[in-house]
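# Descriptive analysis of the structure
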Amino acid sequence: MMEQKYMEDIAQFLHDMKWIYDFHVTKIFTKDIFSQMPEDWKGSLLNLPVHTLNGIPQGKTQDDWPLSLRVFLEKCQKFSLQNLTRTSCEDDPEDVTGKVPQTLTRGLSEKKRHEVLSLLKLTERIANVTGSNYVLDIGSGLGYIDSILHHTLKLTVVGAESLKDRVKSATERQTRLFTECSGVRHIHWELTDDEETLIRAHREVVEMMKADVTCTCKEEKLETRKPLENQQSSIPVSYVTDTSQEDHHVEENSSVEKSAILIGLHSCADLSPIMLKVFQGCPQLSSLILFSCCYHKLTPEKLTMEENQSNKENCVGVTDETVGTNLGALRKGRQCPSSHNNEELRVCKFMNFPLSNALKTILSQKKISFSTFGLRLAAQESGLRWVQQTEKEHETHRNSVAYRAILEAVCDKDELAVKRLRRHTRKSSFDTFEEYINTITTNYKFVPADSSSSVDDSEENCSRQEKQDITVDFKQTSTREHISEELTECYKRFEHLFPLIEPLTGLQLALQPVMEALILIDRVSFLKEAGFYNVSLEKVFDVAISPRNVALVAVR
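Structure report, in brief. Residue indices follow the written sequence of each chain, beginning from 1 at its first position. In keeping with the model being predicted, local features are shown solely for residues with a pLDDT of at least 70 and side-chain atom pairs are shown and tallied solely at 80 or more, while totals for entire chains, interfaces and linings include all residues. The basis for every side-chain value is the complete set of non-hydrogen atoms in the structure, without hydrogens or water.

### Quick look at the overall build of the chain
We count a stretch as a helix when DSSP gives it H or I for four or more residues in a row; a strand needs E for two or more, and each element gets its number in order from the N terminus. Of regular secondary structure, the chain possesses 21 helices and twelve strands. By the burial criterion, 55% of the 556 residues in the chain qualify as buried. Entry remark: accessible area of the chain is about 25,400 Å², with carbon and sulfur atoms responsible for 47%. The classification of residues rests on relative accessible area computed with a 1.4 Å probe and restricted to protein chains. Under 20% of the type maximum is buried, over 50% is exposed, and intermediate values are partly exposed. Note that accessible areas follow from Shrake-Rupley with a 1.4 Å probe, and for residues the cover is restricted to the protein chains shown.

Following this line, the structure appears as structure tokens:
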């Protein structure tokens, strides 16, 4: 099977290059990341002109670069999700603007409008091919796509949303637009990874199909679609569709009408795998259109003590959030630098990754594992915006990463954690390191990393005697003067590595679509193992507008 070969090659490639991404960004100095970068790479990547630096994520190389660096970037392009998938056959989504009243798109951002109109055209194609008259929209939010699908395509739609306030808002919006039309209905439903979800999905679809829905907003009966002839050839085929196997697929319950499309726009974390299982287990669903996101939020497996210990050599520590440029990690003590408990949390097994038996076997045989940091890499923006970066923007990003990593190094060395003293306006960038030091030492205090008082924002939870003990124990290492000296010394020690931060970021961006490709091909393989052969990955959105632009499209 072609997917298996791709997964095997991509998994090995990502494993070989894991030094580029498999760490918390704040630990580039404490983990000595740059010592793992080949020396000839360093020589080539230092002090690059902006146009050369910006070309790294797109695989643009220089003739005088080391062969290994050029091969790396070539492989990134070869295995990129954007190059392994086909472009959806729909025309420009703006072509349907005339069919969609402005009232239905009012309030949408440019990104959301592009996504909704593109999804409309894809859904229309799938509905025509399969003869589907119904849509089950999981994660429907405020119901923009639902009202547009109903108004434009006359589909009966049920939108399921996990947040009750959004269900209320979507219902109110629907009523304002179409009075009491029953063609669109919004329900509160938080899908879980269990049998109850499969049972309810079956019930919701059957009830939707049994209801005699009259479109009162247009005062006309909803038209009934019939499947197009030669259905299989109407679905675009990408490399993940093996057409030679299509005739071997036999639907177990062929007497059941297959007339509902399951759609998910930006289905976060475990919701995407759950939807794959719903599609697999609900024969009334004719097809699936799924856009995934937030891979790094996939639920980890609960490991036994023995499993956790055995994984320590192969996995990296997991912390809460990748720190941006706004000191976001300092909001709470549990996100502080040098939180040693975080370093012991090692996650290399997830409930829903890998999904396919094929990838599970590959990773097991090759002794390969992927941590939360690998999944986070897949969820990053594409490198297209990097192309437009100015020298000043690169400098700002470089400094914010370097300064935060220096703070981490000091806290790690002295076994300290940082806690906010008072509320203040967070700056996203600093002109000088002295300004950064002043902000840190003025607005934060340094406490023992293993002190329970350091992880609680409430000063009342710490007794006066405990506070005095902490002050005595750390009065030498936590004074403003001492911290300033430590930060300055650390700055001088690592300053020579600053010019490599942006090239390293470029290498990560080059790997981003490779990691995402592995995750999505695994999901295609999962469906094919379940007997669904009409499965493809399609580029639907403009990646410059919507980074998660690839849909998994499956037809039963």
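### Observations regarding the environment of C282
As for its placement among the helices and strands, C282 is situated in the loop between α12 (271-281) and β8 (285-293). Taking the C-alpha atoms as reference points, C282 and L198, separated by 84 residues in sequence, lie 7.3 Å from one another.

### Considerations on the packing of aromatic side chains
Pairing of aromatic side chains requires ring centres within 6.5 Å, counting the rings of Phe and Tyr and the six-membered ring of Trp. Pairs whose planes differ by under 30 degrees are stacked, by over 60 edge-to-face, and all others tilted. Counted under the stated rule, the structure contains 15 aromatic pairs. A ring pair is formed by W19 and W41, whose centres lie 5.9 Å apart and whose planes are at 55°; its orientation type is tilted. Of this pair, W19 sits in the loop between α1 (2-16) and α2 (39-45) while W41 sits in helix α2; the two residues are 22 residues apart in sequence, bridging distant segments of the chain. Of the two residues, W19 and W41, neither departs from the other in class, the shared state being buried. Among the aromatic residues, those joined into a ring-pair cluster are F29, Y403, F430, F433, Y436, Y491, F494 and F498. Over the ring of Y144 we find R173, and its NZ or CZ is 4.0 Å from the ring centre. Throughout this description, the term charge over a ring refers to an Arg CZ or Lys NZ atom that lies within 6 Å of the ring centre and within 35 degrees of the ring normal.

### Examining the sheet that holds strand β11 (residues 535-539)
Note on pairing: two strands pair once DSSP finds at least 2 bridges between them. Overall, mixed pairing links the eight strands, which are arranged β1-β11-β12-β8-β7-β2-β3-β4 in an open sheet. Of all strands in the sheet, those with a lone pairing partner are β1 (86-87) and β4 (184-188), marking the two edges. Taken together, the five bridges between β8 and strand β12 (residues 550-555) define a ladder with antiparallel strand orientation. Within β12, the position partnered with I289 by the bridge is V553. Two residues form a contact once any of their heavy atoms are found within 4.5 Å. Throughout, an axis means a line fitted to C-alpha atoms (over the contacting stretch in the case of helices), and angles, computed between N-to-C directions, take values from 0 to 180 degrees. Packed onto the sheet, helix α21 (residues 501-529) meets β8, β11 and β12 and runs at close to 155° relative to β11.

### Structural notes on the packing of α1 against helix α15 (residues 357-366)
Interaxial distance between α1 and α15 falls to 10 Å at its minimum, and their mutual angle equals 40°. The orientation of α1 relative to α15 falls into the category oblique. Relative to α15, the crossing made by α1 is right-handed. Contacts from Q4, M7, E8, A11 and Q12 in α1 reach A358, L359, I362, L363 and K366 in α15. Amino acids are sorted into nonpolar (Ala, Val, Leu, Ile, Met, Phe, Trp, Tyr, Cys and Pro), charged (Asp, Glu, Lys and Arg) and polar (every other residue, Gly among them). Residue composition of the contact of α1 with α15, grouped by class: six nonpolar, two polar and two charged. Under this scheme an angle from 65 to 115 degrees is roughly perpendicular, one under 35 degrees roughly parallel, and one over 145 degrees roughly antiparallel; angles in between are oblique. The hand of a helix crossing depends on one turn: near helix anticlockwise from the far one by less than a right angle means left-handed, and clockwise means right-handed.

### Remarks on the packing of helix α8 (residues 144-153) against helix α9 (residues 164-178)
Two elements in contact, α8 and α9, have axes separated by 10 Å at closest approach and are oriented at 30°. Relative to α9, α8 is oriented roughly parallel. Relative to α9, the crossing made by α8 is right-handed. Contacts between α8 and α9 involve Y144, S147 and H151 on the former and, on the latter, R173, Q174, L177 and F178. The class makeup of the residues in the contact of α8 with α9 is three nonpolar, three polar and one charged.

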